[in-house]
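Working through the structure, step by step
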Amino acid sequence: MKGTDRLARWAALLSGVIILIITLLISFDVGMRYLFDSPQLFVDELSGFLQVALIFLGLAYAFTTGAHVRVDLLTTRLAGPVRARLRLFTLSVGLVLVLVVSWVTARSAHTAFDYGRVSTVELYPLWIPMVMIPLGLLLFAVVLAAALRRQWQVLRSRGPQADEIRPSELPETRPGEGPN
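Residues numbered from 1 in each chain as written. Predicted model: local features only at pLDDT ≥ 70, side-chain atom pairs only at ≥ 80, totals over all residues. Heavy atoms only, no water.

**Considering the overall build of the protein**
Rules: Strands are runs of DSSP state E lasting at least two residues, helices are runs of H or I lasting at least four, and both sets are numbered from the N terminus onward. Throughout, exposure labels follow a simple rule: accessible area from a 1.4 Å probe, protein chains only, divided by the maximum for the residue type, with under 20% read as buried, over 50% as exposed, and the rest as partly exposed. Note on definitions: a residue-residue contact is assigned when non-hydrogen atoms from the two residues lie within 4.5 Å.
Looking only at helices and strands, one finds five helices and zero strands in the protein. Ordered by position from the N terminus, the helices and strands of the protein form the series α-α-α-α-α. The 180 residues of the protein split such that 35% are buried. Relative to all contacts within the protein whose residues are 6 or more apart in sequence, the contacts with residues 24 or more apart total 74%.

Right, dumping it as structure tokens:
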């Protein structure tokens, strides 16, 4: 599990760098537009592509740290083992769903590469931002699989005392700190 957490942290760090790049690009565009009346057309397009990478590369880290939205209205009243089984089921369904979407988006990126599709304004190859979607989703699938494995182990080892594994019970995954 250390490896998946480390990989998720690196993807989150890369997402942070992408935020910085987007901020600098937009600031550059605003400066050029208002000071020199020379808008930079590539900034809008490139920022959109970078946002795609930002979103999908941050999925795994958001899941491992519990930064995602959970709805616990129905599960708080369930017994621990029932919650553990429900968590096992939802992780399994989520993993299958993420793998299917990864496959479909990877095929789209491959098609864009094969046909040489390019963006409208600056003619960037579209497969580059498109491949960020399945890469981020595959990283998310690896993290989901690790959580599924951990939940399965807890359910088997604790039996009637089992409960769902929450992100707070997982090793700390902040960038630079991590589990020892």
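**Let's talk about the pattern of salt bridges**
For side chains bearing opposite charge, pairing can occur when the charged atoms are close. Put simply, the rule is: Whenever a carboxyl oxygen of Asp or Glu lies within 4 Å of a side-chain nitrogen of Lys or Arg, that contact is scored as a salt bridge.
Tallied over the full model, the rule gives one salt bridge. Between R33 and D29 there is a salt bridge, and its shortest N-O distance comes to 3.1 Å. A residue pair is termed a helical-turn pair when its members lie 3 or 4 positions apart in one helix, as R33 and D29 do in helix α1 (residues 2-36) at four residues. On the accessibility criterion, D29 (5% relative accessible area) is buried.

**Structural notes on the packing of aromatic side chains**
Counted only if it meets this: Aromatic pairing here means that ring centres of Phe, Tyr or Trp (its six-membered ring) are within 6.5 Å. Orientation follows from the plane angle: under 30 degrees is stacked, over 60 is edge-to-face, and everything else is tilted.
Applying the stated criterion across every chain, the model contains three aromatic pairs. Here the aromatic rings of F113 and W127 are separated by 5.3 Å at their centres, their planes lie at 85 degrees, and the arrangement is edge-to-face. In this pair, F113 sits in helix α4 (residues 80-115) while W127 sits in helix α5 (residues 127-158), placing the two residues 14 residues apart along the sequence. Of the residues examined, F113 reaches a relative accessible area of 49% and is grouped as partly exposed.

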